[in-house]
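Structural overview for review
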Amino acid sequence: MLRGVAHGELTGDMTGKTVEELWLVRLGGPGKNLIAGNAEFTGTVMDADGVMHEGTLQLLAIGEQDPGLPTPSDFPWEGRWFIRGGTGDLAGARGHGTGEGPSFVLTYEGEIHLPH
């Protein structure tokens with residue numbers, strides 16, 4: 001098992017930066033890499049009316065890469081993310097979604113419900 005920290009940037013309806021503490025496990029038999037991490041997103045989220053809301057979100061992310069190679073590769077990652085909590089305008093937000101892409105450049109989709 002490998003442990004590390006990843007820094008990322010999101011653009012789109014969620015715009016901001018992420019810091020993720022993650023764990024990666026390589027399953028040699030089935031040839032997969034599994035990843036799990038806790039991420040903190042700091043930035044803005046646009047609601048359905050186009051209004052921006054600022055704060056932080058605590059996210060849980062899980063995913064896999066098949067085939068999982070011992071070194072980073074262009075084989076696609078795919079996974080899911082879930083909101084665990086939030087602060088500021090994002091306190092009480094709920095949501096989940098998916099992420100996929102080559103190497104570590106991922107495209108995220110999902111739903112975020114902001115409290116009124």
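Structure: above.
What comes next concerns the included structure.

Analysis parameters
- Starting from 1, residues in each chain are numbered consecutively following that chain's sequence as written.
- Only residues with pLDDT of at least 70 get local features here, since the model is predicted, and only at 80 or more are side-chain atom pairs given and counted; chain-wide, interface and lining totals rely on the full set of residues.
- The basis for every side-chain value is the complete set of non-hydrogen atoms in the structure, without hydrogens or water.
- Strands are runs of DSSP state E lasting at least two residues, helices are runs of H or I lasting at least four, and both sets are numbered from the N terminus onward.
- Here's how the labels work: a residue is buried when its accessible area is under 20% of the maximum for its type, exposed when over 50%, partly exposed in between, all with a 1.4 Å probe on protein chains only.
- Contacts between residues were defined by any pair of non-hydrogen atoms, one from each residue, lying within 4.5 Å.
- A 1.4 Å probe and the Shrake-Rupley method give the accessible areas. Residues count as covered only by the protein chains that appear here.
- Counting rule for charge: Lys and Arg are taken as positive, Asp and Glu as negative, and neither His nor the chain ends is counted.
- Taken as the charge location is NZ of Lys, CZ of Arg, CG of Asp or CD of Glu.
- Two strands qualify as a pair provided DSSP detects at least 2 bridges between them.
- Axis geometry follows a simple rule: fit a line to the C-alpha atoms, using only the stretch in contact for helices, then measure angles between N-to-C directions, giving values from 0 to 180 degrees.
- Definition used for salt bridges: Asp or Glu carboxyl oxygen within 4 Å of a side-chain nitrogen of Lys or Arg.
- What we call a nonpolar core is a set of buried Ala, Val, Leu, Ile, Met, Phe, Trp, Tyr and Cys residues that are connected through their side-chain atoms within 4.5 Å.

1. Things to note about the overall build of the chain
- Helices and strands together make up the secondary structure of the chain, namely zero helices and seven strands.
- Its helices and strands in sequence order give the chain the pattern β-β-β-β-β-β-β, from N to C terminus.
- Its C-alpha atoms give the chain principal-axis dimensions of about 50 × 20 × 20 Å.
- A total of 116 residues make up the chain; the buried ones form 31% of that total.
- A separation threshold of at least 6 residues defines the contact pool for the chain, and within that pool the share at least 24 residues apart is 42%.
- Per element, the accessible surface of the chain, about 7300 Å² overall, is 57% carbon and sulfur.
- Within the chain, the 16 negative side-chain charges are centred at a point lying 10 Å from the centre of the 7 positive side-chain charges.

2. Focus: the sheet that holds strand β4 (residues 52–65)
- Across the sheet, which stays open at both edges, the seven strands sit in the order β1-β2-β3-β4-β5-β6-β7 with antiparallel pairing between neighbours. Since the sheet does not close on itself, it has two edges, and those belong to β1 (2–10) and β7 (107–113), each with one partner. Going from strand to strand, the sheet's axes swing by 20 degrees on average, the running direction of each strand aside.
- Note that strand β5 (residues 76–88) and strand β6 (residues 94–102) share seven bridges and pair antiparallel. Looking at β6, one finds that Pro 76 is bridged to Pro 102.

3. A short note on the pattern of salt bridges
- Under the definition given, this model contains three salt bridges.
- Its salt-bridge partner being Glu 9, residue Lys 17 comes within 3.4 Å of it at the nearest N-O pair.
- Residue Lys 17 is classed as exposed on the basis of its relative accessible area of 52%.

4. Comments concerning the pairing of β4
- As judged from the 14 bridges shared by strand β3 (residues 32–46) and β4, these two strands associate in the antiparallel manner. What sits directly across from Phe 41, in β4, is Leu 57.
- As consecutive antiparallel partners, β3 and β4 are separated by five residues, and within that stretch Gly 50 has a phi angle of approximately 85 degrees, a positive value.
- Of the pairings in the sheet, the one linking β4 to β5 comprises eleven bridges and is antiparallel in character. What sits directly across from Leu 57, in β5, is Gly 86.

5. What about the pairing of strand β2 (residues 14–27)?
- Relative to β2, β1 runs antiparallel, the two sharing nine bridges. Paired with Arg 3 across the strands is Trp 23, a residue of β2.
- Hairpin connection between β1 and β2: a loop of three residues separates the two successive antiparallel strands, and Gly 12 in this loop has a positive phi of roughly 120 degrees.
- Counting the residues in the hairpin turn of β2 and β3 gives four residues, including Gly 31, whose phi is positive at 70 degrees.

6. Concerning the nonpolar core
- Grouped together as the largest cluster of nonpolar side chains are twelve residues: Leu 10, Met 14, Ala 39, Phe 41, Val 45, Leu 57, Leu 59, Trp 81, Ile 83, Leu 90, Ala 93 and Leu 114.
- Sorting elements by how many residues they give to this core places β3 first, with three residues.
- Excluding residues that lie within four positions of it along the chain, Trp 81 makes contacts with Leu 59, Leu 60, Ala 61, Gly 95, His 96, Gly 97, Thr 98, Tyr 108, Glu 109, Gly 110, Glu 111 and Ile 112.

7. Comments concerning the environment of Thr 98
- Within the secondary structure layout, Thr 98 lies in strand β6.
- For the pair Thr 98 and Tyr 108, spaced ten residues apart in sequence, the C-alpha to C-alpha distance is 5.7 Å.
- If we ignore the near neighbours within four places in the chain, the residues touching Thr 98 are Gly 79, Arg 80, Trp 81, Thr 107, Tyr 108 and Glu 109.

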